[in-house]
Amino acid sequence: KLNAYTRTIVMDCVRSNPKLAGVCVSCLSGPFSGFGMLDWFGERKQYIGEAMTQCLAPLRWCVFTESDHIYQNVPFIIEAVLANEDVLKEGTYPARARIQSMETGCVWEYRTQVAVKKGKDGYLPLSIPVFKETICLDVPEGDYTLSVSLDKGGVATGGRRTLHISKSEDATGKKVSLLGVEDSVAEWLKSRGADVSEDAKTILVGDMSDDDNVWNRLYERGEAGATAVFLKPEAF
């Protein structure tokens, strides 16, 4: 299922790029990485067929968000590109985008026009940028669905993304120590108000070294009363 999901993202990147006219799927069977579309017996993996059929549809929405995890009242970017293989002829087509959930209904709506016209070479473009908006949502926490569709002219595959919206917690006054954690994560913690200190009683552990001295130091701090929170199972 993850294989199908990641392929969908990759194909949306390919089809939304006006510089690319095709893609070669060269990995059919991936016995070691699990990436291939076929298993060891040459059978198509579950979810793959449906995912690739939708990705290669002549008319497809390629929808991107800055992140699938959004915080309340924090701006984020939504972008939609329409991949069109001669389904829509020259003209203008109304489109809309919505963010909604079963509990709260529609919390955001955007209407626009998709302009389809031939390029200087006399051909219709393979991808049409439709909109790129920065929005901010003050809504209850939960899962929301971003949907993009044409009001008329054609029915495109894709156009759906699930957004997880949660409250942005203030870490002011919280003290943490970092071990094997990337600088970008450290900066993110500081931006939330956290105090990153070597003597903090809470230790966030990321990538661990094989050096016994590093592990022994961590054990000593734990025995002295510190709490170690492992962020990655690979640390073990």
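First, a word on what this report is: a plain description of the structure on this page. (Residues numbered from 1 in each chain as written. Predicted model: local features only at pLDDT ≥ 70, side-chain atom pairs only at ≥ 80, totals over all residues. Heavy atoms only, no water.)

Topic: the packing of aromatic side chains
Applying the stated criterion across every chain, the model contains five aromatic pairs. Where Tyr110 meets Phe131, the ring centres are 5.1 Å apart and the plane angle is 50 degrees; that geometry is what we call tilted. Here Phe131 lies in strand β6 (residues 127-135) and Tyr110 lies in strand β5 (residues 105-116), a separation of 21 residues in the sequence. Residue classification places Phe131 among the buried residues on the basis of a relative accessible area of 7%. Taking the centre distance of 6.2 Å and the plane angle of 15 degrees together, the rings of Trp215 and Phe230 count as stacked. Of this pair, Trp215 sits in helix α4 (residues 212-223) while Phe230 sits in strand β13 (residues 227-230), and the two are 15 residues apart along the sequence. A residue is classified by how much of its surface remains accessible, and Trp215, at 15% relative accessible area, is buried. Overall, the relative accessible area of 29% leaves Phe230 in the partly exposed class. Members of the aromatic cluster, each reached through a chain of ring pairs, are Trp215, Tyr219, Phe230 and Phe236. (Phe/Tyr/Trp six-rings, centres within 6.5 Å; stacked < 30°, edge-to-face > 60°. Helix = DSSP H or I, 4+ residues; strand = E, 2+ residues; numbered from the N terminus. Buried < 20%, exposed > 50% of the residue type's maximum accessible area, 1.4 Å probe, protein only.)

Describing a nonpolar patch on the surface
There is a patch of nonpolar side chains on the surface, built from Leu2, Tyr5 and Ile9 and spanning about 300 Å² of accessible area. Turning to its location among the elements, Leu2 is positioned in helix α1 (residues 2-15). (Patch = residues over 30% accessible without salt bridge, like charges linked within 9 Å, V, L, I, M, F, W, Y side chains within 5 Å. Areas by Shrake-Rupley, 256 points an atom, 1.4 Å probe, with all protein chains shown as cover. Salt bridge = Lys/Arg side-chain N within 4 Å of Asp/Glu carboxyl O.)

Observations concerning unusual backbone geometry
Glycine aside, negative phi is the norm for most residues, and most peptide bonds take the trans geometry. Positive phi, normally seen in glycine, also occurs at Tyr47, with a value near 80 degrees. Relative to the helices and strands, Tyr47 is located in the loop between α1 and α2 (48-55). Despite not being glycine, Asp86 has its phi angle at roughly 65 degrees, a positive value. With respect to the secondary-structure elements, Asp86 resides in the loop between β3 (76-84) and β4 (91-101).

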